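Spelled out, the chains give:
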Amino acid sequence: MSATSAQRPPRYRAQRPSLWWLSNGRYFLFMVRELSAVFVALYALSYLVGLYRLSQGKDSYEAYVAMLHHPAVLVFLGVALVFCLLHTVTWFHLTPIVMVVRMGRKVIPAKLVLAANYLVWILLSGVLWYLVVN
Amino acid sequence: MKTIDITVTRYDPENKPAPYDQTYTIPYDDEMVVLDGLNYIKDHVDGSLSYRWSCRMGVCGSCGMMVNGEPKLTCAVFLKDYPQGVRVGPLDHFPVVRDLVIEMDDFMDKLRAVKPWMIREQEKPVQEGEYLQSPEELQLFRQFSMCINCALCYAACPVYAADKTFIGPAAIALAHRYDMDSREEGQDQRAEVIGSHEGIWECSFVGECSVVCPKHVDPAAAIQRSKVQLTKDHILGLLWPWGKS
Amino acid sequence: MGVRLKTADPIWWGLFSAGGTVAAFLVPVHIVVTGLGIGLGWIPLETLSYERVGELLENPLVRLYLLVLISLPLFHSAHRLRHILLDLGGGALRTPISILCYGGAIAGTVAAVWLLV
């Protein structure tokens, strides 16, 4: 008599603990990296609110911009900047893994792609700073 | 002789409904790997311990287990590196059959689903000779052909843990190995499998699959590169529906 | 080369990666130039004056730039937020979570279009 599934002893299926992302440092770093998206979203939303205030007239807009001096807002911006920089750095370092840049038959080394990312980033940031301040 | 504590997860479904730990204290020396420790237990202490192994040299891929919480080939980690003792359990995210033996049916089905073989629209006659390939063309997929199907990457994958329909790292790396081959013409057939919702898309690029791979395959790269390719193809198909099917 | 996949995933993933790239290159400098820098006094408040910003926004290229800067990172965040919620055990609520995250990004984009056009 062959063993049917009814007679087969049951398999054990473990449940994943909800704190699995604390079980090793790399999982934890992944979670922090993904969490940076929350701050990216909050910053995009702050621009939306700014545009809305602008549409409501001068007083409304200026009250919004004046909030930039509030310590709580500065703390939030500081934390947001740290997370967004983490996003920038992790994104740049993952790019050469995702994109294989080829020139003819040769593959461009990952380090070169990474360096190009940083170079373009610094240039873009400088240009934007210049445009906004002047 | 030095001794070490090896704590093994036991599962005996006929007699106990839940797994339990059992600790064995055995003599060891610096040359012994974790698998040697298990073999010592089986031969000298407790013959009822069940686990899979074969080659002892990192080629067969059958001795994958959780060693102190990390997926490892037990033939490739040394007991001397765990002086405090070592915990050995069955690979995470798989149904357990007995002790350290997991059920691999789902994994095998997924490997088969990606059509891991060369697909040609038309085979050329043997008289016309072999299909030539340059070293540069070989380099584009070579690392992805090194997989030994040990399933460590599935035990490391949080996405597979949450959703067993996810086709998973090794299967997609294998699909990528054929997709990137200059002699291959079956990319569209494979796109139907890996491009489906259960294919590449739920991967969140944790990258742990590539970290644990004992053969230095980079499944995470294979998955992201497939996403780039299929996203381009899909958008092109939307913009230019008159092109190739 | 075009293929037709029977899923919308490539669209969401395409928006996610485009948004991630925009956010990586542009969001840090924007936080400094229009936020921290002003709050800390490195940059004069007048750069963000009502008159100057209004004048800048008359340029359609600036409006298009802001639309991209707001919309694409929202899709990027929606995609990652959805994964965080699923990773933390929201698997049973897969569909509502997807609707909430991607719907939020779409709503933000509609709002940006409405405010900028």
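What you see is a predicted model, and the numbers here were worked out from it, not measured in a lab.

## Some thoughts on the overall build of chain A
In step 1: Each helix and strand counted, chain A has four helices and two strands in total.
In step 2: Overall, chain A shows an N-to-C arrangement of helices and strands of α-α-α-β-β-α.
In step 3: Expected size for 134 residues packed as a compact globule is a radius of gyration near 14 Å; at 24 Å, chain A overshoots this value by more than 25%.
In step 4: Its C-alpha atoms give chain A principal-axis dimensions of roughly 85 × 45 × 25 Å.
In step 5: Relative to its 134 residues, chain A shows a buried fraction of 20%.
In step 6: Considering only contacts within chain A whose residues lie at least 6 apart along the sequence, 44% involve residues at least 24 apart.

## Describing the overall build of chain B
In step 1: A tally of regular secondary structure across chain B gives nine helices and seven strands.
In step 2: Looking at chain B as a whole, 43% of its 245 residues are labelled buried.
In step 3: Sequence separation of at least 24 residues holds for 64% of the intrachain contacts in chain B that already meet a minimum separation of 6.

## Comments concerning unusual backbone geometry
Residue and element names in this part refer to chain B.
In step 1: Although it is not a glycine, Arg 56 adopts a positive phi angle of roughly 65 degrees.
In step 2: As for its placement among the helices and strands, Arg 56 is situated in the loop between helix H1 (34–45) and strand S3 (64–67).
In step 3: The phi dihedral of Phe 205 falls on the positive side, at around 55 degrees, and the residue is not glycine.

## Describing helix H2 (residues 105–113) of chain B
Since the α-helix turns once every 3.6 residues, residues separated by three or four places project in the same direction.
All names here are of chain B.
In step 1: Buried residues of H2: Phe 107, Lys 110 and Leu 111, and no others. Down the axis of H2, the sector holding all buried residues measures 100 degrees, keeping them to one side. In this structure, H2 carries Asp 105, Asp 109 and Arg 112 as exposed residues pointing more than 90 degrees from its buried face.
In step 2: In this structure, the buried residues of H2 make contact with helix H4 (152–156) and helix H6 (169–179).
In step 3: Following H2 by one or two positions, Lys 115 has its phi on the positive side, about 55 degrees.

## As for the interface of chain B and chain C
Buried accessible area, meaning the area lost when the parts come together, often serves as the stated size of an interface.
In step 1: The interface of chain B with chain C comprises 21 residues on the first partner and 15 residues on the second.
In step 2: When contributions to the side of chain B that touches chain C are tallied by element, the ones reaching two or more residues are helix H5 (158–162), helix H7 (187–194) and helix H9 (219–239) of chain B.
In step 3: Here the side of chain B that touches chain C takes eight residues from H9 of chain B, the largest share from any one element.
In step 4: Per-class residue counts for the side of chain B that touches chain C are eight nonpolar, eight polar and five charged.

## Some remarks on the sheet that holds strand S2 (residues 20–27) of chain B
Residues and elements named next belong to chain B.
In step 1: Judged by pairing direction, the sheet is mixed, and its five strands sit side by side in the order S2-S1-S5-S3-S4 without closing on themselves. The outermost strands of the open sheet, each flanked by one partner alone, are S2 and strand S4 (70–73). Put simply, the sheet's adjacent strands are angled 35 degrees from each other on average, direction ignored.
In step 2: As paired strands, S3 and S4 are joined by four bridges and run antiparallel to one another. Of the residues in S4, the one forming a bridge with Met 65 is Lys 72.
In step 3: Against the sheet, H1 touches strand S1 (3–10), S2, S3 and strand S5 (86–89), its axis set at about 90 degrees to S2.

## What to know about the packing of helix H4 (residues 110–133) of chain A against helix H1 (residues 9–39) of chain C
In step 1: At a closest axis distance of 9 Å, the pairing of H4 of chain A and H1 of chain C adopts a crossing angle of 30 degrees. Regarding the angle of H4 of chain A to H1 of chain C, the classification is roughly parallel. Two packed elements cross with a definite hand, and for H4 of chain A against H1 of chain C that hand is right-handed. Residues Val 120, Trp 121, Leu 124, Ser 125, Leu 128, Trp 129 and Val 132 of chain A of H4 of chain A pack against Phe 25, Leu 26, Val 29, Val 33 and Thr 34 of chain C of H1 of chain C.
In step 2: Its residues assigned to classes, the contact of H4 of chain A with H1 of chain C shows ten nonpolar, two polar and no charged.

## Some remarks on the nonpolar core
In step 1: Ranked by internal contacts, the top residues of the largest apolar core, which has 109 residues, are Val 40 of chain A together with Ala 151, Cys 153, Ala 170 and Ile 172 of chain B.
In step 2: Among the elements that take part in this core, H1 of chain C stands out by supplying 13 residues, more than any other.

## Section: the pairing of S2 of chain B
All names here are of chain B.
In step 1: Of all eight residues in S2, zero are buried, a share of ten percent or less.
In step 2: Two strands pair when backbone bridges link them, and S1 and S2 are joined in this way by eight bridges, in the antiparallel orientation. Paired with Thr 7 across the strands is Thr 23, a residue of S2.

## Section: the interface of chain C and chain A
In step 1: Facing the 38 residues of chain C at the interface are 43 residues of chain A.
In step 2: Of all the secondary-structure elements, those providing two or more residues to the side of chain C that touches chain A are H1, helix H2 (50–56), helix H3 (60–87) and helix H4 (94–116) of chain C.
In step 3: Examining the composition of the side of chain C that touches chain A, we find that 16 residues originate from one element, H1 of chain C, more than from any other.
In step 4: Looking at the side of chain C that touches chain A residue by residue, the classes come out as 26 nonpolar, ten polar and two charged.

## Some points on the environment of Ile 26 of chain B
All names here are of chain B.
In step 1: Along the chain, Ile 26 turns up in strand S2.
In step 2: For the pair Ile 26 and Thr 3, spaced 23 residues apart in sequence, the C-alpha to C-alpha distance is 5.3 Å.
In step 3: Excluding residues that lie within four positions of it along the chain, Ile 26 makes contacts with Thr 3, Ile 4, Ile 6, Gly 37, Tyr 40, Ile 41 and Val 45.

## Some details on the packing of helix H1 (residues 25–55) of chain A against H3 of chain C
In step 1: Following both chains from N to C, one finds H1 of chain A and H3 of chain C inclined at 145 degrees, their axes separated by 8 Å at the closest point. Of the two elements, H1 of chain A crosses H3 of chain C, and the hand of that crossing is left-handed. Between H1 of chain A and H3 of chain C, the contacting residues are Glu 34, Leu 35, Ala 37, Val 38, Val 40, Ala 41, Ala 44, Tyr 47 and Leu 48 of chain A on the first element and Ile 70, Pro 73, Leu 74, His 76, Ser 77, Arg 80, Leu 81, His 83 and Ile 84 of chain C on the second.
In step 2: Split into classes, the residues belonging to the contact of H1 of chain A with H3 of chain C amount to 13 nonpolar, three polar and two charged.

## Considerations on the confidence of the model for chain B
In step 1: Confidence in the prediction of chain B, expressed as mean pLDDT, is 95, and 99% of residues score 70 or more.
In step 2: Here the predicted complex scores 0.93 on pTM and 0.92 on ipTM.

Calculation notes
- Starting afresh in each chain, residues are numbered from 1 along the sequence in its written order.
- Following the order in which they are written, the chains are lettered starting with A and the ligands numbered starting with 1.
- Local features in a predicted model are, by the rule used here, given only for residues with pLDDT of at least 70; side-chain atom pairs are given and counted only at 80 or more, and totals for whole chains, interfaces and linings are based on all residues.
- The way it works is that DSSP assigns letters per residue, a run of H or I at least four long becomes a helix, a run of E at least two long becomes a strand, and they are numbered from the N terminus.
- When we talk radius of gyration, it's over C-alpha atoms, and the globule rule is simply 2.2 Å times the number of residues to the 0.38.
- Put simply, a residue is buried when 20 or more other C-beta atoms lie within 10 Å of its own C-beta and exposed when 12 or fewer do; between those, it is partly exposed, and each C-beta is set from the backbone.
- Here, residue contact means that the backbone-derived C-beta atoms of the two residues sit within 7 Å.
- Here the arc refers to the directions that run from the helix axis out to each C-beta atom.
- We call Asp, Glu, Lys and Arg charged. Ala, Val, Leu, Ile, Met, Phe, Trp, Tyr, Cys and Pro are nonpolar, and the rest, Gly among them, are polar.
- DSSP bridges decide pairing: two strands pair if at least two such bridges lie between them.
- Axis definition: a line fit to C-alpha positions, over the contact stretch in the case of helices; interaxial angles, taken between N-to-C directions, run 0 to 180 degrees.
- Oblique is the label for any angle not covered by the other classes, which are roughly parallel (under 35 degrees), roughly antiparallel (over 145) and roughly perpendicular (65 to 115).
- Two helices that cross are described as forming a left-handed crossing if the nearer one is turned anticlockwise from the farther one by less than a right angle, and a right-handed crossing if clockwise.
- What makes a nonpolar core is a set of buried Ala, Val, Leu, Ile, Met, Phe, Trp, Tyr and Cys residues, with links drawn between C-beta atoms within 7 Å.
- As a per-residue measure, pLDDT reflects the predictor's confidence and takes values from 0 up to 100.

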